[in-house]
Amino acid sequence: MSLVDTDNFERNVRNDHNYNKAEYSAVVPNRIVEAVAHSAADMMDKTDIVVAVAEVSDRCLGGKEWHGIADLCDIPSGITRIEYRRTLDEDSAAGCVALPKLARASAAPALAVSGAESRWLMGVADGSHQAVKEQRKKEMNADFGAPKELAGGLQQRRALYQPRLPPCLLGATVRAEYGDATTTIDPTCANVVAQAFPNTFGQPLVSFLADAGKPVDERPPIRVGVVYSRGGSRRVGTTSSGASMTLSKRGTQGLFANKTLEITDGVLASYKNQGGFDLLGRSVDRIRSTMQLNAAMTTCRSLNLDGLVIIGGVTSNSDAAQLAETLVQNNCKTKVVGVPVSLNGDLKNQFVETTVGFDTVCKVNSQLVSNVCLDAISAGKLILGEEVALSKLTLMEIISKICDGVQARAELGKYHGVLVIPEGLIESIPEMYALIQEINILHNNNVPVAEMPSQLSPWAAALFQFLPPFIRRELLLHQESDNSAQLSQIDTEQLLAHLVEAEMIKRTKEGRYKGRKFSSVCHFFGYQARGSLPSNFDCDYAYTLGRISLHMVAAGLTGYMATVANLKDSVDQWRCAAAPLTAMMSVKRHLRGPGAIPIGKPAIHPSPIDLKGKAYELLREKASSFLLDDFYRTPGGIQFEGPGSDAKPITLTIENQDYMGDIEILKDYLSKVRTILKPGCSREILKAAISSMASVTDVLTVMSHPLNAELPLYHFN
């Protein structure tokens, strides 16, 4: 590690600009903007740059704080050099990870960054950053898209798998059929979304159908770019006659820097139907700030792209909607479309039945959990965060329920069991949620991590001190880019194990529990499924979405997401469509009660588990058996042929989610009404129709009223 030479940086700035305190106030903001602009182009870490520049500014301006840095660099504004140092120098895990993009030097007062970044930062002032640019260029181009040897027989076999496509995409031509204009699921959000997206709100649904017309002999060539944003899957891209595809390296970072790879059949040959992200890499940056949007637009124009496909989850597709709106406003011809890819399966709404990758993750994690069950000769118990939030169970009530289960099984002579805990459980517990919100507010107010415990409210401070030290450190971790807590970094399973053990010891001393001593072994299944070979379903689904994306661009659609309906049935029953991204958007509500006012920016939000759905109903029916019986099975690894190869998640197969099919049924009924009520029909029929339609209108109005609408409740930071 090497230290940023901030003294040299400051000296260069002063020398270059005949420094005086009055002039420096005008000089430094431009320097920050320049530094951040170069960071986007050179793939530098923006936080490192701003911290170094802000340190110089802090010295020269006598502690003045910078405003606008958060928007440019995705870090909180108003943070001084001293506050950054205090965070970095803390001798605790919280200090290490509160600013995850920065490394911590041992007992060093200056900021620690990589050597290359240090050299570049000093070069901003004297203009000598070409060497680092070349180094970054090498890193961007390293090994991406290079042919690789598929050493294993299974890998070679999977590369030969030909994904199945629905009939509407198999013909020589595909017809786009336009439906009705769309709105948002929450009527109270429609105006807000319309104002934020004036050019792309209210676009119609589009269905893709097989065209029996004369095949087109020659198609105009189109250029399509693809970005893996905040994760993704290589199985989405597919080439087609008349189209050339360019993929950005390192996700959105490559998009900003115009680092691309031309996709050919030869490039894809050794990556087809494989797992992992090594074709292009990925990034966690968002396309959010004005600078990032402009950088993306510049790349689209320089590559002369007809379309840009952004692959990712709720955040990535929210960014896709914003980019589409920006390109339309600036008369850029590139059409932006999204593809639903998420390991969590939380991008789920009336148009999206599931995401690419979720089936594979379900199968891999099912094997992992079943292996643990088999090892424990065990039963399984599942805790749902949504269930906890709805029941308003406190942390100790959850612990008590777990202990009751342990004790009930012990009375049956069963001293084994498996408890499956969701990653977001801790945020669903009322008092923990309130504590996290207080910590988030302190983060937003730029309170140093070391001072946060002393600034909590009395009840929150008491809860904070009650928690084990490792949980206290993890709760203080710096927020995600969307201002949410880093739930994946909070060891919820360790917390529950710690508290359950303490409660079981207490029950033993009180004589309420007379069984064996309780002990636990914790596992975290967070990343094991990311690199798995994709299931047949995910391969078929991804290739279908990739083909739809191509037809969307060819049809001139922008601000849309590729969708497939009727996924529970075989591929030949799938229906292909495109839904506007704005139709999936809503605005978070600040309160949990009826009539809560939507505030904030429109976005596509994660979908919670439907506690009134069929999947949850089935789970509840089996709950007592899961708790007391040794109820488990061993599905084994993902099956690609034979029994189990076409199995799908229960949440997909038992829910009636064919939203597009229901719209077609409604259209059929409306068409029949029009046929019956043609001018000339009897007055009695007309009056009956008016009375019926008035009744239907009244019912639908009440159901769509914000005081009665059953909408997802989102946590608001």
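Residues numbered from 1 in each chain as written. Predicted model: local features only at pLDDT ≥ 70, side-chain atom pairs only at ≥ 80, totals over all residues. Heavy atoms only, no water.

- Looking at an unreviewed UniProt entry, the protein chain carries the name Phosphofructokinase domain-containing protein, with the source organism given as Eleusine coracana subsp. coracana.

**Overview of the packing of aromatic side chains**
So, step 1. In this structure the tally under the stated criterion is 4 aromatic pairs.
So, step 2. An aromatic cluster is defined as three or more aromatic residues linked by ring pairs; in this entry it consists of Phe537, Tyr541 and Trp574.
So, step 3. Directly above the aromatic system of Tyr161 lies the positively charged group of Arg158, at a separation of 4.6 Å from the ring centroid.
So, step 4. The ring centre of Tyr669 lies 5.5 Å from the NZ or CZ of Lys672, which sits over that ring. (Phe/Tyr/Trp six-rings, centres within 6.5 Å; stacked < 30°, edge-to-face > 60°. Lys NZ or Arg CZ within 6 Å of the ring centre and 35° of its normal.)

**Thoughts on the pattern of salt bridges**
So, step 1. Summed over all chains, the structure comprises 11 salt bridges.
So, step 2. Close ionic contact of Arg512 with Glu503 constitutes a salt bridge, the shortest N to O distance being 3.6 Å.
So, step 3. Looking at Glu503, the relative accessible area reads 14%, which means it is buried.
So, step 4. The salt bridge involving Lys667 is made with Glu664; its shortest N-O contact spans 3.9 Å. With Lys667 and Glu664 both in helix H26 (residues 659-676), this residue pair falls 3 residues apart, about one helical turn.
So, step 5. A single network of salt bridges, built from pairs that share partners, joins Asp404, Glu503, Arg507, Glu510 and Arg512. (Salt bridge = Lys/Arg side-chain N within 4 Å of Asp/Glu carboxyl O. Buried < 20%, exposed > 50% of the residue type's maximum accessible area, 1.4 Å probe, protein only. Helix = DSSP H or I, 4+ residues; strand = E, 2+ residues; numbered from the N terminus.)

**What about the nonpolar core?**
So, step 1. With 39 residues, the main nonpolar core has Ile287, Leu308, Ile310, Leu323, Val336, Phe351 and Met584 as its most contacted residues.
So, step 2. At the level of secondary structure, the elements contributing two or more residues to this core comprise helix H11 (251-257), helix H13 (290-302), strand E8 (307-312), helix H14 (314-329), strand E12 (560-565) and strand E13 (575-580).
So, step 3. For this core, the element with the most residues is H14, which contributes 6 residues.
So, step 4. If we skip the residues at most four places from it in the chain, Met584 touches Asn349, Phe351, Val352, Met561, Thr563, Ala579, Ala603 and Ile604. (Core = buried A, V, L, I, M, F, W, Y, C linked by side-chain atoms within 4.5 Å. Contact = heavy atoms within 4.5 Å.)

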